[in-house]
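Here is how the chains run, residue by residue.
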Amino acid sequence: MPQNSPATDSNFTPLVGTVIAVQANFCQVQIDPDVPMVGGKLILCTRRARLQKIGISAIVGDRVTIAQIDWQGLKGVVIDVFPRHSLLDRPPVANADRILLVFALAEPALDPFLLSKFLVKAESTGLQVSLCLNKSDLVTAVERQDWCDRLSEWGYPPIVISVEQGVGIQELQRELDRQITVFAGHSGVGKSSLTNALIPDSNIRVATVSGKLSRGRHTTRHVQLFTMPTGGLIADTPGFNQPDIACTPTELPGYFPEIRQRLAVGNCQFSNCTHRDEPNCVVRGEWERYAHYLDFLADAIAWEQQLQSQPKLENSLKQKSSTGKKQYEPKLDSKYRQISRHTILQSLAELADEFEDE
Ligand code: GDP
Ligand code: ZN
């Protein structure tokens, strides 16, 4: 056994869990539910220097191995980070499986062009994209069905809910089971209401280590994962508020299910077809979002030109996921970033103090 090994008793059996909050050298790890005795518990951990030396840093969503040093106080150290299957930059979340775009059917009225822009932005992360339409209580059954038919044509059959009337919440919970989901959507659509409906109070208390990471209407703006009763994890963040088209013209077609589907069954004459005015194009046609595609294509061309004239910009906007796929990350509104740092700093610093006192 190495001389400095802290493994002096059975408390050091390594455990596996998921990082659900991070700040500086500390993080909270939720132990996998099936682990005897401590399954589902939160362990406040230091991130061992060894990890930093080899360039690994645990972020929210990471699967980690921890050694527990204090059974009663639920404190430990992260000793290893598992390889990630996905990585979002803003918000920083590892291993997210899906982006759930939340829009409202009314109040505010559903704007197809804005929705389309959000969808393209969400697709550019490389994650699975799902669409949830809230406030179904504000429209008629016929209007609801029209939207469902229309958006299914786009490739996004929506999950229709009403948080206010409690409609569709359990179905959504089941849909998001065993996954890490990042919520996105502009303000006013009911994202906070939905998060509260998905994560009942009792559950929040469990996930907060004696109330220190308290959560409420004004404290949700840091990246933290919340556990739903069904086991799924939600990254409750403001996501991207003002989606800009920040991709190349070559990448853009891949962000439309309608185009992916057309190219799966046919080929354009030119392999580098932009699907605008080239002859024998299988993409150009009478489908609803083709006009959106042309609009975004103009933005993508402008974005690429700007990128070429400012090579450094590319590095700040792009990253590669573990699959090698380029990602254009949703940006957090700077006002949220400030609140985020402040909130998490407060909460985790308090926990860290306690850790050091003992
Ligand atoms: P956020 O900005 O996306 O987080 O939205 P909020 O959760 O703050 O909700 C915005 C407004 O929509 C609030 O006044 C909510 O009460 C209301 N709201 C949320 N869900 C529903 C719903 O299902 N039906 C109706 N009619 N109103 C809702
Ligand atoms: Zn084409």
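For the structure itself, consult the block above.
Every chain is numbered on its own, with residues counted from 1 as its sequence reads. Written order determines the labels here, with chains lettered from A and ligands numbered from 1. Residues qualify for local features only when their pLDDT is at least 70, as the model is predicted, and side-chain atom pairs are given and counted only at 80 or more; totals for whole chains, interfaces and linings, by contrast, use all residues. Side-chain figures throughout are based on the complete set of non-hydrogen atoms in the structure, without hydrogens or water.

Whenever I open this one, the pairing of strand E5 (residues 75-81) confuses me. Can you help?
Regular strands place their side chains on alternate faces of the sheet. Between buried and exposed lies partly exposed: a residue is buried under 20% and exposed over 50% of the maximum accessible area for its type, with that area taken using a 1.4 Å probe on protein chains only. Helical segments are the DSSP runs of H or I of at least four residues, strand segments are the runs of E of at least two, and each set is numbered from the N terminus. The element E5 is largely enclosed, with a buried count of six among its seven residues. Should DSSP find at least two bridges between two strands, the strands are taken to pair. Note that strand E3 (residues 42-47) and E5 share four bridges and pair parallel. Considered in E5, the bridge of Leu44 is made with Lys75. Relative to E5, strand E4 (residues 63-70) runs antiparallel, the two sharing six bridges. Pairing of Val64 across the sheet is with Val81, part of E5. As consecutive antiparallel partners, E4 and E5 are separated by four residues, and within that stretch Leu74 has a phi angle of approximately 55°, a positive value.

Even after reading the chapter, I still don't get the coordination of the zinc ion (ligand 2), so can you show me in this structure?
Six octahedral donors around a metal ideally sit at 90 or 180 degrees from one another, while four tetrahedral donors ideally sit at 109.5 degrees. Sites may look incomplete because water is not among the atoms; the donors themselves are N, O and S atoms within 2.8 Å of the metal, or within 3.2 Å for Na, K and Ca. Distances from the zinc ion (ligand 2) to its protein donors, Cys268 (SG), Cys273 (SG), His275 (ND1) and Cys281 (SG), fall within 2.1 to 2.4 Å. The rule is simple: four donors are tetrahedral if all their angles sit between 85 and 135 degrees, four are square planar and six octahedral if opposite donors span more than 155 degrees and the others lie between 65 and 115, and anything that fits none of that is irregular. Every donor counted, the four donor atoms about the zinc ion (ligand 2) form angles of 102 to 115° at the centre, which fits tetrahedral coordination. In the primary sequence, the donor residues of the zinc ion (ligand 2) line up as C-x4-C-x1-H-x5-C. With Cys268 in the loop between helix H7 (257-265) and helix H8 (290-309) and Cys281 in the loop between H7 and H8, the pair connects residues that are 13 residues apart, well separated along the chain.

I would appreciate a short explanation of the pattern of salt bridges in the present structure.
Pairing between side chains of opposite charge can happen when the charged atoms of each approach one another. The rule for a salt bridge is simple: a side-chain nitrogen of Lys or Arg has to be within 4 Å of a carboxyl oxygen of Asp or Glu. Under the criterion given, the structure shown has seven salt bridges. Measuring nitrogen to oxygen at the nearest pair gives 3.5 Å for the salt bridge that ties Asp177 to Arg178. The partner of Glu258 in a salt bridge is Arg289, with the nearest N and O atoms 2.7 Å apart. With a gap of 31 residues between them, Glu258 in helix H7 and Arg289 in the loop between H7 and H8 connect regions that are remote in the sequence. The same class applies to Glu258 as to Arg289, namely buried.

When you look at the sheet that holds E4 in this model, what are you seeing that I'm missing?
Backbone-to-backbone hydrogen bonds join strands into a sheet, with any given pair of strands oriented parallel or antiparallel. What the five strands build is a closed barrel, ordered E1-E2-E3-E5-E4; its pairing is mixed. Across the sheet, the mean angle from the axis of one strand to that of its neighbour is 50°, orientation sign disregarded. In this description, a line fitted to the C-alpha atoms serves as the axis of each element, helices being fitted only across the stretch in contact, and the angle between N-to-C directions of two axes falls anywhere from 0 to 180 degrees.

Would you explain H8 in this entry?
Note that an α-helix has 3.6 residues per turn; residues three or four places apart therefore point the same way. Each residue after the first adds 1.5 Å to the expected span of a helix. Between its first and last C-alpha, H8 extends 29 Å over 20 residues, near the 28 Å set by a 1.5 Å rise per residue. Buried within H8 we find Tyr290, His292, Tyr293, Phe296, Leu297, Ala300, Trp303 and Leu307. Buried residues in H8, looked at end-on, bunch into an arc of 135°, giving them a common side. With respect to the buried face of H8, the exposed residues turned more than 90 degrees away are Gln305 and Ser309. It is the directions from the helix axis to the C-beta atoms that the arc portrays.

Mind showing me how you'd approach the sheet that holds strand E13 (residues 233-235) here?
With respect to topology, six strands assemble into an open sheet ordered E10-E9-E8-E11-E13-E12, the strand pairing being mixed. Edge strands, defined here as strands with exactly one partner in the open sheet, are strand E10 (159-160) and strand E12 (225-227). Packing of helix H2 (residues 112-123) onto the sheet brings it into contact with strand E8 (98-104) and strand E9 (128-134), and relative to E8 it is tilted by some 170°. Note on contacts: a residue pair qualifies if any of its non-hydrogen atoms lie within 4.5 Å across the two residues.

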